Amino acid sequence: MTAPTPDKPSVSEREARQVAEAAREQDWRKPSFAKELFLGRFRLDLIHPHPMPPEEDARRGEEFLAKLRDFCETKIDSARIEREARIPDEVIKGLKELGALGMKIDTKYGGLGLTQVYYNKALALVGSASPAIGALLSAHQSIGVPQPLKIFGTQEQKDAFLPRCARTDITAFLLTEPDVGSDPARLATLAVPDGDDYVLDGVKLWTTNGVVADLLVVMARVPRSEGHKGGITAFVVEAGAEGVTVENRNAFMGLRGLENGVTRFHQVRVPATNRIGPEGAGLKIALTTLNTGRLSLPAMCVGAGKWCLKIAREWSGAREQWGKPVAHHEAVGAKISFIAATTFALEAVLDLSSQMADEDRNDIRIEAALAKLYGSEMAWLMADELVQIRGGRGFETAESLAARGERAVPAEQILRDLRINRIFEGSTEIMHLLIAREAVDAHLKVAGDLIDPDKTLSDKARAGARAGGFYARWLPKLVTGPGQLPRSYTEFHPPGHADLSGHLRYVERGARKLARSTFYAMSRWQGKMETKQGFLGRIVDIGAELFAMSAACVRAELLRTTEDYGREAYQLADIFCRQSRIRVEELFDRLWTNTDELDRKVVKGVLSGTYAWLESGIIDPSGEGPWIAEAAPGPSKRDNVHRPIR
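Read on for a plain summary of the structure. (Residues numbered from 1 in each chain as written. Predicted model: local features only at pLDDT ≥ 70, side-chain atom pairs only at ≥ 80, totals over all residues. Heavy atoms only, no water.)

1. Quick word on the overall build of the protein
Per the secondary structure count, the protein includes 23 helices and 10 strands. Radius of gyration (C-alpha) of the protein: 25 Å, near the 26 Å computed for a compact globule of 646 residues. Along the first, second and third principal axes, the C-alpha set of the protein runs to 75 × 75 × 65 Å. Taken across its 646 residues, the protein has 54% of its residues classed as buried. The contacts of the protein with a sequence gap of at least 6 include a subset with a gap of at least 24, amounting to 77%. As presented, the protein carries roughly 29,300 Å² of accessible surface, and 54% of it is formed by carbon and sulfur atoms. Computed over 86 positive and 87 negative side-chain charges, the inter-centroid distance for the protein is 4 Å. (Helix = DSSP H or I, 4+ residues; strand = E, 2+ residues; numbered from the N terminus. Rg over C-alpha atoms; globule rule 2.2 N^0.38 Å. Buried < 20%, exposed > 50% of the residue type's maximum accessible area, 1.4 Å probe, protein only. Contact = heavy atoms within 4.5 Å. Areas by Shrake-Rupley, 256 points an atom, 1.4 Å probe, with all protein chains shown as cover. Lys, Arg positive; Asp, Glu negative; His and termini not counted. Charge placed at Lys NZ, Arg CZ, Asp CG, Glu CD.)

2. Brief notes about the packing of helix H6 (residues 116-129) against helix H7 (residues 131-143)
The N-to-C vectors of H6 and H7 enclose an angle of 150 degrees; their axes lie 6 Å apart at closest approach. As judged from the angle between their axes, H6 and H7 are roughly antiparallel. Listed contacts from H7 to Tyr119, Leu123, Val126, Gly127 and Ala129 of H6 are Pro131, Ile133, Gly134, Leu137, Ser138, Gln141 and Ser142. (Axes fitted to C-alpha atoms, helices over the stretch in contact; angles between N-to-C directions. Parallel < 35°, antiparallel > 145°, perpendicular 65-115°, else oblique.)

3. Comments concerning the pairing of strand E2 (residues 190-194)
In this structure, E2 lies alongside strand E3 (residues 197-208), joined through five bridges in antiparallel fashion. Across the sheet, residue Val192 finds its bridge partner in E3, namely Val199. Where E2 folds back on E3, the antiparallel hairpin that results is connected by two residues, among which Gly195 adopts a positive phi of roughly 65 degrees. (Pairing = 2+ DSSP bridges.)

4. Quick look at the packing of aromatic side chains
Across all of its chains, the model carries 13 aromatic pairs by this definition. Centre to centre, the rings of Phe470 and Tyr471 are 5.0 Å apart; their planes meet at 80 degrees, and the pair counts as edge-to-face. Members of the aromatic cluster, connected to one another through ring pairs, are Phe33, Phe42, Tyr489 and Phe547. (Phe/Tyr/Trp six-rings, centres within 6.5 Å; stacked < 30°, edge-to-face > 60°.)

5. Observations concerning the side chain of Asp363
Note that Asp363 resides in the loop between helix H12 (330-359) and helix H13 (365-390). Overall, Asp363 belongs to the buried group, its relative accessible area being 11%. Side-chain polar atoms of Asp363 contact the side chain of Arg365, separated by 2.8 Å. Excluding residues within four positions of it along the chain, Asp363 makes contact with Asp27, Trp28, Lys30, Pro31 and Ser32. (Polar contact = N/O pair within 3.5 Å; in protein donor to acceptor, adjacent residues only side chain to side chain.)

6. Looking at H12
Residue pairs three or four apart in sequence face the same way in an α-helix, which turns once every 3.6 residues. Relative to the 44 Å expected for 30 residues at 1.5 Å per residue, H12 spans 43 Å between its end C-alpha atoms, a close match to the ideal helical length. For H12, a buried count of 22 out of 30 residues is recorded, marking the element as mostly surrounded by other parts of the structure. Asp360 sits one or two residues past H12 and shows a positive phi near 60 degrees. (Expected span 1.5 Å × (residues − 1).)

7. Let's talk about the pattern of salt bridges
Oppositely charged side chains may form a pair once their charged atoms are brought near each other. Evaluation of the coordinates by the stated rule reveals 52 salt bridges. One salt bridge in this structure joins Lys30 and Asp360, with 2.7 Å as the shortest N-O distance. Placement of the pair is Lys30 in the loop between helix H1 (13-23) and helix H2 (33-38) and Asp360 in the loop between H12 and H13, with a sequence separation of 330 residues. Exposure remark for Lys30: the relative accessible area of 32% places this residue in the partly exposed category. Of the charged contacts in the structure, one is a salt bridge between Arg69 and Glu73, with a shortest N-O distance of 3.6 Å. (Salt bridge = Lys/Arg side-chain N within 4 Å of Asp/Glu carboxyl O.)

8. Focus: the nonpolar core
Core analysis: the largest hydrophobic core is formed by 136 residues, its most contacted members being Ile76, Met103, Ile133, Leu137, Leu370, Phe492 and Phe576. A per-element tally of this core places helix H21 (residues 533-562) first, with 16 residues. The residues contacting Ile76, other than those within four sequence positions of it, are Phe71, Ile81, Val91, Val126, Ala129, Ser130 and Ile133. Formed by 25 residues, the second largest nonpolar core is a distinct cluster that contains Ile105, Tyr109, Phe173 and Ile232. (Core = buried A, V, L, I, M, F, W, Y, C linked by side-chain atoms within 4.5 Å.)

9. Focus: unusual backbone geometry
Glycine aside, negative phi is the norm for most residues, and most peptide bonds take the trans geometry. Along the chain, His48 connects to Pro49 via a cis peptide bond; the corresponding omega equals 0 degrees. Mapped onto the fold, Pro49 is located in the loop between H2 and helix H3 (55-75). Within the chain, Leu255 stands out as a residue other than glycine whose phi angle is a positive 50 degrees. For Leu255, a relative accessible area of 7% puts it in the buried group. Within the chain, Tyr489 stands out as a residue other than glycine whose phi angle is a positive 60 degrees.

10. Regarding helix H17 (residues 428-439)
Between its first and last C-alpha, H17 extends 16 Å over 12 residues, near the 16 Å set by a 1.5 Å rise per residue. Within H17, the full set of buried residues consists of Thr428, Met431, His432, Ile435, Ala436, Arg437, Glu438 and Ala439.

11. A short note on the side chain of Thr343
Inspection of the secondary structure assignment puts Thr343 in helix H12. When its relative accessible area of 6% is taken as the criterion, Thr343 is described as buried. Within the local environment of Thr343, its side chain forms a polar contact with the backbone oxygen of Ile339, the two atoms lying 2.8 Å apart. With residues up to four places along the chain from it excluded, the contact list for Thr343 reads Val302, Gly305, Lys306 and Met382.

Take a look at the structure:
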């Protein structure tokens, strides 16, 4: 058969938003600490006392971590991976034998059945040894075939594919296209029904693991036809199937061992039994998968923070300037304090979110998104500060340092490797919008029809009555709360420890202020609120800081009762909260005092060429070629660089 040409669909901004809205989970069946926080309600009871893993889960997790640590120390040569820009096949084979491909897969399918908590600890460990290996394992299990099948797959699909994923087969997730990133409404790859099969045609870009993958999760658009609902749909595709070509292995600023490519599908037949979920459910499957899948990135960010702290401590104690170690100079000491405090908070956010995911009592879609957003941004800042602390040696490569007889510290490499985390699995800008949408969900449910131009006057009248009742009950609760009572949260001020109770009172007051600010902005801008991306980004960043402060305090109290370093944990939580409060106050100020309007005017001028004179006096070293590569359907004209590892 001849498949129709998958032309890029012409999609308006409103249509694109409708596609994204239809894909998100509409209901909140379980409580959410972060959702309540954005509504001005500080539900400490949802996260304190800190949830703990069952003893058996912890025992199995620790046993695997011990084996993985030994493997990382004896089998992984990070410098070789960086030098050769490839993970050696024998390392990947060793990880398979260790069971690392099946960390999250149930034991009945041959996996290890680790909890989210221990899966994340494993990623932090292996990612510290080699970020490229961390990315390979994360892409395989967090967004590759195992996770969507676990949630949405049929029993037949689980029986067929999960044993392979647990031990032998590497998987990849294929959504992005050369001209489609975070706007999936324009997806061009087609899956045309043909009897008991679908026929795939299209090109996918940035297919992490795609070069070495055995199985692929592919998002494709099924045309609407008789008997077919159509829409964006998820499929499991054999990477070695006829018509699948890996046309390029991409190279990047960091993660040089990453097996990321461009994959073309030409008349690829996929059995209908390989479809995950119904037609049109692809985006919902992707977003639901990412609810916990996003926790893999902050896991590796935590590992990076721990390494930055170790190097900063060792180097700053050994390096002397003006008669004393550089750590004792205030300018450097402030950076070390930031790294230590932030690493503590990131681990607190990660462990809390992961344990809540394991318990499945709470809806953590916002918490996981905040962990990804906050972790990726703060890890980048910590790595940048480490490079600054190391000075010229921070800018020098580990290979060069070793060549002249010094310790091969890859500080510049971790900076490059971490940079992608602010883009992977939802850029910071997209995460701001995604979280903001969830944060205002309660408002849109009661008052959304008031600002919807497509609603009738009667619809608006009903919405007005609904909104009036909701806000009459909600707004008075934002005026006062436990944060104004000096004896609130006193259990977080045990004798001989730093006082964290004041920080929790601050979080409670901050949550109510955040909710009031959001309500005021919605009243002011109404339907234009969704265009105020600067404002929404700051709202989300405030929420992220408040969540991190809460998690840090709760973790400190847990460690006080379970470990010998509880006093030190309280100290770290205290300094983190003090640093965070400064950032929160600045963000609150910038909600209303900013250059957003002027920025928009300047952008118009830049795009119209008004300031083109400012670009004179330079040479552009960029090569020739289109900004976006042509991705017309058809047979591949390039060699297949796919190389499965057996």
